[in-house]
Amino acid sequence: MTDPVTDRSASAVRSVFDAQVSACRNTPLIPYRTRIRVLKTIETLLIENDREICEAVSTDFGNRSVHETRILEITASLLGLRYTRKRLKRWMAPQKRHVSLVFAGGKNRVIPQAKGVVGIVTPWNYPLFLAISPMTSAIAAGNRVMVKLASNSQTLCRLLQRIFTGKISPEHIAFLPGAGANEFSSLPFNHLVFTGSPDVGKTVMKSASRHLTPVTLELGGKSPTIIADDFDLSTAVKRILFAKLMNAGQTCIAPDYLFIPKEKATAFIDTAKTVAASQYPDIHTPDYTSIIDEKAFSRLRDTLADAASKGARITRLLPCPIEDNALRKISPAVVTDVNADMRIMNEEIFGPLLPVIPYTSHRKIMEYINARERPLALYLFTNDKSLSEDYIGQTLSGGVTINDCAMHVAQHDMPFGGIGNSGMGHYHGYEGFVEFSKLRPVFSQSRMALTFAPPYGKAVNRIYAAAKRFTWLS
């Protein structure tokens, strides 16, 4: 007899879903202590299996820096779990709400209740964190969770399935190795989370719409970065290159293209060479991550070739081979003299390539950003508070980091999410708890309440007259 938790067939995936639905019906309200216990168990599993997790992720990549997995995925997940556990009791408490004087004596409250079964579809670039982070919010809200990892992350998926099943019932959390994307996203979940490209996100949303399933979409995009003239160039370059080159640029919130003051363009490239060489002696270091697969590797090479054929200048940042086909590693590069006809300026790069655009006007930069799809992140390096507020007020993105890159995602007391083409919905912190909750309003009528029913008379007319006249009547 096959085990529905490990069996890859569509019917087995449906069996896990049905079991979670049945568990929801039998136990609609998961108690606070149970939620805390599950969150604590997840934390323990990550700590006890950190070495195996790093090895599994590296196997899926071909080479993934152990340090990046530990810091960017395991540590980030642990901090989110702990932040949530410490605040969950307060988040779960019913909220008292104001009652209009017309209904004096009645009582209002809002109760956060679980939606039910939450499906999570993760990408391959941060497969652990992008499973655990929304899972943390969903479990905190009292839901049950099913997770489908990307086809490029199946070594990790099988590991997580094994270690989780031994400690947490699949009726609470189930990882599904080999689950098909279409079958999974077509299930009638009570909420569905997808992280990936905008094109696939549209397909997922269409599938979810058949069941009116609400979705949270994290979709990436081309995140602009601006260095203002007043900011120290060396500091900016170090922070930008760290965020750009971690995971070999395969990060949805990576700086995608850079605006630099025209007179500092040459200095930026010189500084970038020095900084990159100090971070990575060459592309063969284990700290420099491989491109995930041959398809992505070929796409990046084609992107560079397209830019070069249309007049771009490509400056390699490391004094080493341009690429290593066997390891699927590409040397980080700055691309200048770019134009709107190039693929590198129209598609999300998702690799260690950084287009650099000289500028003379901040207003022109804002117009450029606003003329394009709304990005997942915006990065500005400046000590001028007025300028930073101008960018925040005059543009729109999923999130913003001032004087660094990507660090807004590490703040667990702030929501993380996109807007427009870069996504919808949020998770992290309280907003994540709310995202996976139904905020259920409950009104309790007073025993002495007025009755509004035909035949209407003078009493109703007096109430209407008072509502028009007295502004304090609310």
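All figures in this text were calculated on a predicted structure; none of them were measured in a lab. (Residues numbered from 1 in each chain as written. Predicted model: local features only at pLDDT ≥ 70, side-chain atom pairs only at ≥ 80, totals over all residues. Heavy atoms only, no water.)

(A) Focus on the sheet that holds strand β10 (residues 313–316). Overall, mixed pairing links the seven strands, which are arranged β10-β13-β14-β9-β8-β15-β16 in an open sheet. Among the strands making up the open sheet, the edge pair consists of β10 and β16 (399–402). For this sheet, the mean angle separating the axes of adjacent strands, direction not counted, is 25 degrees. Bridging between strand β9 (residues 255–261) and strand β14 (residues 353–359) involves four bridges; their strand directions are parallel. Its bridge partner lying in β14, phenylalanine 259 is registered against isoleucine 357. In the packing of helix α13 (residues 385–394) onto the sheet, the strands contacted are β8 (223–227), β15 (377–381) and β16, and the crossing angle to β15 comes to about 165 degrees. (Pairing = 2+ DSSP bridges. Helix = DSSP H or I, 4+ residues; strand = E, 2+ residues; numbered from the N terminus. Axes fitted to C-alpha atoms, helices over the stretch in contact; angles between N-to-C directions. Contact = heavy atoms within 4.5 Å.)

(B) Main features of the confidence of the model for the protein. Within the protein, residue pLDDT values average 93, and 97% of them lie at 70 or more. Scored below 50 in pLDDT, residues 1–7 makes 13 contacts in the model with residues more than four places away or belonging to other chains. (pLDDT = per-residue confidence, 0-100.)

(C) Here's a closer look at the pattern of salt bridges. Applying the stated criterion across every chain yields a total of 15 salt bridges. Linking arginine 301 and glutamate 294 is a salt bridge whose minimum nitrogen-to-oxygen distance equals 3.4 Å. Here glutamate 347 makes a salt bridge to arginine 343, at a shortest N to O gap of 3.5 Å. Under the relative-accessibility criterion, glutamate 347 is labelled partly exposed at 33%. A residue is classified by how much of its surface remains accessible, and arginine 343, at 26% relative accessible area, is partly exposed. One connected set of salt bridges, linked through shared partners, spans Lys40, Glu43, Arg82 and Arg85. (Salt bridge = Lys/Arg side-chain N within 4 Å of Asp/Glu carboxyl O. Buried < 20%, exposed > 50% of the residue type's maximum accessible area, 1.4 Å probe, protein only.)

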